[in-house]
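# Results of the structural survey
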Amino acid sequence: MMEWLLLLHVLGAVMFIGNVVTAAFWKIRAERSGELQHIHRTAKNVMTADYAFTVPGIVLLLVSGGAMAAQLGYSFAELNWLTISLGLFVLTGIIWLAVLIPNQRRMIRESERSVREGKLTTGYRQASRVWDRVGGLATLLPLAVLVLMIVKPG
């Protein structure tokens, strides 16, 4: 049973971290192209990919991780690598819900407006800058969690 939980956990991590990194890659590539229609399609596809990969990855991580922690007798009541990891993961979720998703939605709206107006709007540029900066942090936090999960310090 534990092997299956670990497999699901690793699959969840790949889906979650993989989508976070590739979404940023495709967004940056689209913006560098300068093609407004491509930027708009990519902005929409980043949101679609979050629902297709990031959300299922989160579910797999939480369910399999919780089950493994319970089976192995880890405590959530004390400060350890597991609770720090969970705290960083929750912080990532808060950042995603409070900042990244609203900015993704704004980028979709503004990129559509950009296509109509024939130039990238100031609103898109602002939302994109926030998404890039905050998204960088929201990418580093899960990578720190990954390190903690593998190293299991203390």
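Here's a quick rundown of the structure.

What counts and how
- Residues numbered from 1 in each chain as written.
- Predicted model: local features only at pLDDT ≥ 70, side-chain atom pairs only at ≥ 80, totals over all residues.
- Heavy atoms only, no water.
- Patch = residues over 30% accessible without salt bridge, like charges linked within 9 Å, V, L, I, M, F, W, Y side chains within 5 Å.
- Areas by Shrake-Rupley, 256 points an atom, 1.4 Å probe, with all protein chains shown as cover.
- Salt bridge = Lys/Arg side-chain N within 4 Å of Asp/Glu carboxyl O.
- Lys, Arg positive; Asp, Glu negative; His and termini not counted.
- Charge placed at Lys NZ, Arg CZ, Asp CG, Glu CD.
- Buried < 20%, exposed > 50% of the residue type's maximum accessible area, 1.4 Å probe, protein only.
- Axes fitted to C-alpha atoms, helices over the stretch in contact; angles between N-to-C directions.
- Helix = DSSP H or I, 4+ residues; strand = E, 2+ residues; numbered from the N terminus.
- Parallel < 35°, antiparallel > 145°, perpendicular 65-115°, else oblique.
- Left-handed = near helix turned anticlockwise from the far one by under 90°.
- Nonpolar A, V, L, I, M, F, W, Y, C, P; charged D, E, K, R; others polar.
- Core = buried A, V, L, I, M, F, W, Y, C linked by side-chain atoms within 4.5 Å.
- Contact = heavy atoms within 4.5 Å.

### Description of a positive patch on the surface
Taken together, Lys119, Arg125, Arg129 and Arg133 make up a surface patch of like positive charges. The partly exposed category is assigned to Arg129, whose relative accessible area is 40%.

### What to know about the packing of helix α2 (residues 36–72) against helix α3 (residues 81–117)
For the pair α2 and α3, the least separation of the axes is 10 Å and the interaxial angle reads 160°. Regarding the angle of α2 to α3, the classification is roughly antiparallel. Crossing handedness for the pair α2 and α3: left-handed. Taken together, the residues that form the contact of α2 with α3 break down as 19 nonpolar, six polar and four charged.

### With respect to the nonpolar core
By size, the foremost hydrophobic cluster in this structure holds 25 residues, and its most contacted members are Phe16, Ile39 and Leu100. Elements with a contribution of two residues or more to this core: α1 (2–33), α2, α3 and α4 (122–151). Those residues in contact with Leu100 that lie beyond four places of it in its chain are Ile95, Trp131, Val134, Gly135 and Ala138.

Shape descriptors only; they carry no functional weight alone.
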